[in-house]
Amino acid sequence: MEPEKIKESILRSAKELFRKYGYHKTSVNEIAKKAKIAKATIYKYFESKEQILDFILMDYLDVNLHEIISNKVQFADEEEHLKALVMKTCRLSYTACNEFIGWDFVRENTNSQEFLKHLSDQLEALLLSAYLELEHFKKNPARRGGLAFLLKASKSIVFSFAFTSVSDSDVRKNFVTFQKEILPYLVKAAL
């Protein structure tokens, strides 16, 4: 099999297993079995299961983020546009972590929190570069600092309530509170 096809098979298998069982309940042996390759072959392409997850998450976020950014929906003003984008990307980030990792594991495992910090930093960089492609940020590069603040603050708030929420309904309530009571002030500060 071609190297690129092997890598795709590893990623496809891992993605399916992570979604079905969660990251921590999926072993490298199971990924290899599903991909129909030897376990050692996985380590020719990825240093660890964590690196596989990182690759899957960043690809998932990148694809979905570009769909969100390229959506040509008209808004009353750039403030409303930015609020909508932040909410969509916050939900996307939460969903990706929930879908592939599982919040119970994240809350209980100290190693996962270090990984999540790394992921969070990568996500922030990805968001910043994607948002800077938007017309109103291209026209006014001085807003980059405000945008960086908005993304960092939003990300921190969303991850903090993801860690502290007990149920999905708590998460939904927290998203609504964030959207109505916190986000408008963050957006005003950013612009």
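Heads up: the structure comes first, above all this text.
We now turn to the structure provided with this report. (Residues numbered from 1 in each chain as written. Predicted model: local features only at pLDDT ≥ 70, side-chain atom pairs only at ≥ 80, totals over all residues. Heavy atoms only, no water.)

1. A word on the layout of surface pockets
In this approach the atoms are scanned with a rolling probe the size of a water molecule, which exposes any empty space left behind.
Inference 1: Roughly 330 Å³ of internal volume is contained in the largest pocket.
Inference 2: If you go around the largest pocket, you meet 16 residues; those closest to its centre are I69, N71, K72, H81 and L134.
Inference 3: Looking at the lining of the largest pocket, the elements that each hand over two or more residues are α4 (49-70), α5 (78-100) and α8 (135-139).
Inference 4: Per-element tally for the lining of the largest pocket: the top contributor is α4, with 3 residues. (1 Å grid on protein atoms, 1.4 Å probe; cavity = no way out; pocket = protein on both sides within 12 Å on 5 of 7 lines; lining within 4 Å. Points joined across faces, edges and corners; volume = space filled by probe spheres on them. Helix = DSSP H or I, 4+ residues; strand = E, 2+ residues; numbered from the N terminus.)

2. Considering unusual backbone geometry
Inference 1: Positive phi is not limited to glycine here, since K36 has a value of about 60 degrees.
Inference 2: Mapped onto the fold, K36 is located in the loop between α2 (28-35) and α3 (39-45).
Inference 3: For K36, a relative accessible area of 74% puts it in the exposed group. (Buried < 20%, exposed > 50% of the residue type's maximum accessible area, 1.4 Å probe, protein only.)

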